[in-house]
Amino acid sequence: MLKRIDPHQAQLGMFIHKLEGNWFSHPFWRGRFLLMDEERLARLRASDVAAVIIDTERGCDVAEGEALAALPPVTPRRRRQMLLEEQKADQRQSAHALTPRSMAREFGRAEQAADMGVKVISRAFIEARLGKAIQADVVAPVVESVFASVQRNPHAFNGLMRCKRDMEYLFRHALATSALMISLGRQMKLSHEQMHDAGLVGLLMDSGIALLPLPQGWQGDWQSLPERAAREHVLFGRDFVAMGGFDEAVVRACYEHHERMDGTGYPEGAPGEGISLLGRMAAICDAYDDLANPFDGDGVSDPACVIETMQADAGAYDPDILREFIVAVGVYPVGSIVLLASHRLAMVVDQNPDDPAMPTVRCFYSLKLGRAVAQETVDLGNCYGKDRIVGAADSALLAQANLPNLGQMRMKLLAAACAG
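Numbering of residues starts from 1 in each chain and follows the order in which that chain's sequence is written. In keeping with the model being predicted, local features are shown solely for residues with a pLDDT of at least 70 and side-chain atom pairs are shown and tallied solely at 80 or more, while totals for entire chains, interfaces and linings include all residues. As a rule here, side-chain values cover all heavy atoms of the structure and leave hydrogens and water aside.

**Overview of unusual backbone geometry**
Working note: non-glycine residues mostly have negative phi, and peptide bonds are mostly trans.
Move 1: Cis geometry is found at the peptide bond from Tyr 266 to Pro 267, where omega equals 15 degrees.
Move 2: Within the chain, Lys 189 stands out as a residue other than glycine whose phi angle is a positive 60 degrees.
Move 3: Strands are runs of DSSP state E lasting at least two residues, helices are runs of H or I lasting at least four, and both sets are numbered from the N terminus onward. Residue placement: Lys 189 occurs in the loop between α6 (169-187) and α7 (192-204).
Move 4: Residue class for Lys 189 comes out exposed when judged on its relative accessible area of 73%.
Move 5: Its identity as a non-glycine residue notwithstanding, Tyr 384 has a phi of 55 degrees, on the positive side.
Move 6: Within the secondary structure layout, Tyr 384 lies in the loop between β9 (371-379) and β10 (389-392). Each residue is placed in one exposure class: buried if its accessible area under a 1.4 Å probe, protein chains only, is under 20% of its type's maximum, exposed if it is over 50%, and partly exposed if it falls in between.

**Structural notes on the packing of helix α3 (residues 103-129) against helix α15 (residues 406-419)**
Move 1: Axes here refer to lines fitted to C-alpha atoms; in helices the fit is confined to the stretch in contact. Angles between the N-to-C directions go from 0 to 180 degrees. Following both chains from N to C, one finds α3 and α15 inclined at 125 degrees, their axes separated by 8 Å at the closest point. Regarding the angle of α3 to α15, the classification is oblique. On the side of α3, the interface is formed by Met 103, Ala 104, Phe 107 and Glu 111, while α15 contributes Met 411, Leu 414, Ala 415 and Cys 418.
Move 2: Ten residues, namely Ala, Val, Leu, Ile, Met, Phe, Trp, Tyr, Cys and Pro, are considered nonpolar, four, namely Asp, Glu, Lys and Arg, are considered charged, and the remaining ones, Gly among them, are considered polar. Taken together, the residues of the contact of α3 with α15 sort by class into seven nonpolar, no polar and one charged. When describing relative orientation, an angle under 35 degrees is termed roughly parallel and one over 145 degrees roughly antiparallel, while 65 to 115 degrees is termed roughly perpendicular and anything else oblique. We call two residues in contact when some of their heavy atoms are within 4.5 Å.

**Focus on the packing of aromatic side chains**
Move 1: For Phe, Tyr and Trp, rings pair up if their centres lie within 6.5 Å, where Trp contributes its six-membered ring, and each pair is then called stacked (planes under 30 degrees apart), edge-to-face (over 60) or tilted (otherwise). For the structure shown, the criterion picks out one aromatic pair.
Move 2: Ring centres of Tyr 288 and Phe 325 lie 5.1 Å apart, and the angle between their planes is 70 degrees; on these two criteria the pair is classed as edge-to-face. One end of the pair, Tyr 288, is in helix α11 (residues 277-292); the other, Phe 325, is in helix α13 (residues 319-329), and 37 residues separate them in sequence.
Move 3: Take Tyr 288: its relative accessible area is 0%, and that puts it in the buried class.
Move 4: Relative accessible area serves as the criterion here: at 0%, Phe 325 is assigned to the buried category.

Put into structure tokens, the structure is as follows:
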């Protein structure tokens, strides 16, 4: 039976059938879920939803007489009407999403989401080595927080993860790829359910690495493992994710994320038509983050140069999805080092939705003077032609500038730009 209760009456063990009121007022990805997490319970009670509808046949009930109203049984006709209403609501959500925020306003919340995600994912990887299955309810809050950040500003979380270097590679890669998958799904106008699955694939696709048998004397460098052994991580990952009861689409994409459209990938060497949609998306997002942020942190490739590299790898990636990906992350993604017409080097710190070629940048080095200069944030779209991007800064220019620790510098530039 469906019952309407006040949010403050929510208890662990209840099955949430629907959250009434404006979608923007509640903090959850899905409107239907089993409430099993203390943090979720606290967020629900503190939210601005008008009322909560619970399904007492699928979860706990409230004490007798405490429900605001018992709802009549759902007839087939009413069920069809409810489905139509949900579909219309999804369309409205996709059209309006959440109120867009500037990079500066979203930066702090993105950092909080990243820190929370690292704790959850690191614990899940440790438990994987202990033979414990990961549960959907454990990682769902991570996907929800990343999704909310991407909706508020599609470039803030992705930019932060490209610049942030103070976390273990595997955990950062999982979070970065999850955000990229959500951003790509958003650009492709996938349903909310599909975007949720895409975020899960990003988080879990490399979970099998934690299950690889490690050789004697191994020092912690995953890339030092023999290629054949490393490739087995997709097999371990598929079985591990399947144990957690995730949707088949998520399991399959985790297995496929190293496949390539021309059949040169692994483990099956499947051609393009044999790779699922999420699998083709995962191949692009995983490769992009791997190229832009190598395992050892040295020789970090510029995001704009990585895009050019992937475009040149003819046949490897789905060309239609790759085009959507470039639109999602920007012609010059946040974190890109660019050369300006003023002969200054600058880092892209925010995107311009009206003109991707005219982002906001943080200037920091003058090639004319041959030294660092006072930092300045410039909105190229509103500087009235005083400056513009000539192109991405190649390795020769970066070597000429002799920049110390580019990874740390990126994070400082982004933080300074967001601080105002």
